[in-house]
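Single-letter residue listing:
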Amino acid sequence: MSSPSAPAAPAGRALVVAGAGRYADPWHPFPVTAAAVAEVVGGTGLEVDVTPDEDGAVEDALARLVDPAARPDLLVLSVGLPRDGAPSPAPGPALEGLRAFCAEGRALLGCHVAATSFVEVPAWEDRLGGRWVRDVTWHPEIGPASVRVHRGAHPLLAGDGPAVPDVVELVDEVYCDLRVADDVVVLADAAHDGRTHPLAWVREEPGGRRTAYDALGHDERSLASAGHRALLDRLVRWLAAAPAPRA
């Protein structure tokens with residue numbers, strides 16, 4: 001009797017772009033969280049590269065997206081809003097690369113602070129499906145959190161693959177009052193002050209373009225949660241199965 005088959009390993013290349021240089025901040029250990037996310041992504045079978053923790057690394061990576069041949073099959077973006085007040089990305093190749101990727105059909109995973117990013121680029125919010133809005137969005141102090149998973153919300157949460165629990169227990173920030181597009185499918189949320197707040201969602205558009213956002217992942221404690229890692233694994237496998245963009 002044959003044993004059950006494992007989920008098919010995705011093929012392709014992923015790039016994890018993590019906060020560095022002007023995109024670094026005192027609160028988020030980007031090299032640590034990028035390595036943890038890359039471990040999950042690589043565990044699905046994708047080839048993974050991570051941008052270096054160096055000045056200019058973020059905008060260098062975005063600038064390379066101008067060339068279609070240089071674009072990864074999956075872009076994982078864990079980059080927040082710089083505190084220097086300058087436009088982000090800087091006008092020029094980095095901005096054009098970001099716009100080009102947002103318009104094209106390759107898969108995107110936004111992580112945690114990605115919802116705060118690129119406030120001068122409307123195409124970013126359009127692609128991500130939501131945004132942190134200054135003076136509206138907020139979070140309570142980091143601490144133990146219970147994140148409810150909507151198991152029936154999307155097929156990616158069913159079938160073969162790592163089991164995602166009905167409730168993911170972890171230590172993290174719970175983003176509250178994000179602005180969320182009407183056409184995303186919310187996979188997970190958390191309750192605070194009597195209201196529920198979406199924390200993970202996906203969107204598949206006509207033509208097969210796929211995007212996912214995971215508001216969790218403030219630091220290594222969140223990514224040590226087996227439930228959170230299982231959810232990330234499911235998101236990556238679904239994103240990696242997106243059809244290739246049309247020429």
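Up top is the structure these notes are about.
What you see is a predicted model; the values in this text were computed from it and never measured.

A. Geometry of the overall build of the chain. Each helix and strand counted, the chain has six helices and eleven strands in total. When its C-alpha atoms are laid out on the principal axes, the chain stretches across 55 × 45 × 35 Å. Expressed as a percentage of its 247 residues, the buried residues of the chain come to 51%. Residue pairs in contact within the chain that sit at least 24 positions apart in sequence constitute 73% of those at least 6 positions apart. As displayed, the chain has an accessible area near 11000 Å², and 54% of this comes from carbon and sulfur atoms. Each charge class in the chain was averaged separately, 22 positive and 35 negative side chains, and the resulting centres sit 5 Å apart.

B. Structural detail: the pattern of salt bridges. The full count for this structure, using the stated rule, is 16 salt bridges. The salt bridge partner of Arg179 is Glu125, with a shortest N-O separation of 2.8 Å. Taken together, the positions of Arg179 in strand β8 (residues 179-180) and Glu125 in helix α4 (residues 122-128) put the pair 54 residues apart, joining distant regions of the chain. Note that Asp219 is salt-bridged to Arg221, the shortest N-O span being 2.7 Å. It is possible to trace a salt-bridge network through shared partners that takes in Arg22, Glu59 and Asp84.

C. Inspection of the nonpolar core at higher detail. Membership of the largest hydrophobic core comes to 71 residues, with the highest contact counts inside it found for Leu74, Leu109, Phe118, Trp124 and Tyr213. When near neighbours in sequence (up to four residues on either side) are disregarded, Leu74 contacts Arg13, Ala14, Leu15, Leu46, Ala107, Leu108, Leu109, Val236 and Leu239.

D. Inspection of helix α6 (residues 226-240) at higher detail. An ideal rise of 1.5 Å per residue puts 21 Å on 15 residues; α6 measures up with 21 Å between its terminal C-alpha atoms. Of all 15 residues in α6, twelve are buried; the element is thus mostly enclosed. What α6 keeps buried is the set Gly227, His228, Ala230, Leu231, Leu232, Asp233, Arg234, Leu235, Val236, Arg237, Trp238 and Leu239.

E. Representation of the layout of surface pockets. Reported here for the largest pocket is a volume of approximately 500 Å³. The residue inventory of the lining of the largest pocket, partitioned by class, reads ten nonpolar, five polar and six charged.

F. A negative patch on the surface, seen in detail. A contiguous patch of negative charge on the surface is contributed by Asp53, Glu54, Asp55 and Asp60. Looking at the element boundaries, Asp60 is found in helix α2 (residues 57-64).

G. Looking closely at unusual backbone geometry. The omega torsion across Ser88 and Pro89 is -10°, close enough to zero to call that bond cis. Relative to the elements of secondary structure, Pro89 occurs in the loop between β3 (74-78) and α3 (93-103). Positive phi, close to 70°, is recorded for Asp135, a residue that is not glycine. In this fold, Asp135 is placed in the loop between β5 (130-131) and β6 (143-149). Taking relative accessible area as the criterion, Asp135 reaches 76% and is therefore assigned exposed. In this structure, Asp177 is a non-glycine residue whose phi angle is positive, near 65°.

H. Structural detail: empty space enclosed by the protein. This structure, assessed with the given rule, holds one cavity of 30 Å³ or more. Volume-wise, the largest cavity comes out at about 120 Å³. As for the largest cavity, its lining consists of 17 residues, of which Thr33, Val37, Ser78, Cys111 and Gly217 are closest to the centre. Listing elements by their share of the lining of the largest cavity, those giving two or more residues are α1 (30-43) and α6. Grouping the amino acids of the lining of the largest cavity by side-chain chemistry returns nine nonpolar, seven polar and one charged.

Parameters at a glance
Residues numbered from 1 in each chain as written. Predicted model: local features only at pLDDT ≥ 70, side-chain atom pairs only at ≥ 80, totals over all residues. Heavy atoms only, no water. Helix = DSSP H or I, 4+ residues; strand = E, 2+ residues; numbered from the N terminus. Buried < 20%, exposed > 50% of the residue type's maximum accessible area, 1.4 Å probe, protein only. Contact = heavy atoms within 4.5 Å. Areas by Shrake-Rupley, 256 points an atom, 1.4 Å probe, with all protein chains shown as cover. Lys, Arg positive; Asp, Glu negative; His and termini not counted. Charge placed at Lys NZ, Arg CZ, Asp CG, Glu CD. Salt bridge = Lys/Arg side-chain N within 4 Å of Asp/Glu carboxyl O. Core = buried A, V, L, I, M, F, W, Y, C linked by side-chain atoms within 4.5 Å. Expected span 1.5 Å × (residues − 1). 1 Å grid on protein atoms, 1.4 Å probe; cavity = no way out; pocket = protein on both sides within 12 Å on 5 of 7 lines; lining within 4 Å. Points joined across faces, edges and corners; volume = space filled by probe spheres on them. Nonpolar A, V, L, I, M, F, W, Y, C, P; charged D, E, K, R; others polar. Patch = residues over 30% accessible without salt bridge, like charges linked within 9 Å, V, L, I, M, F, W, Y side chains within 5 Å.

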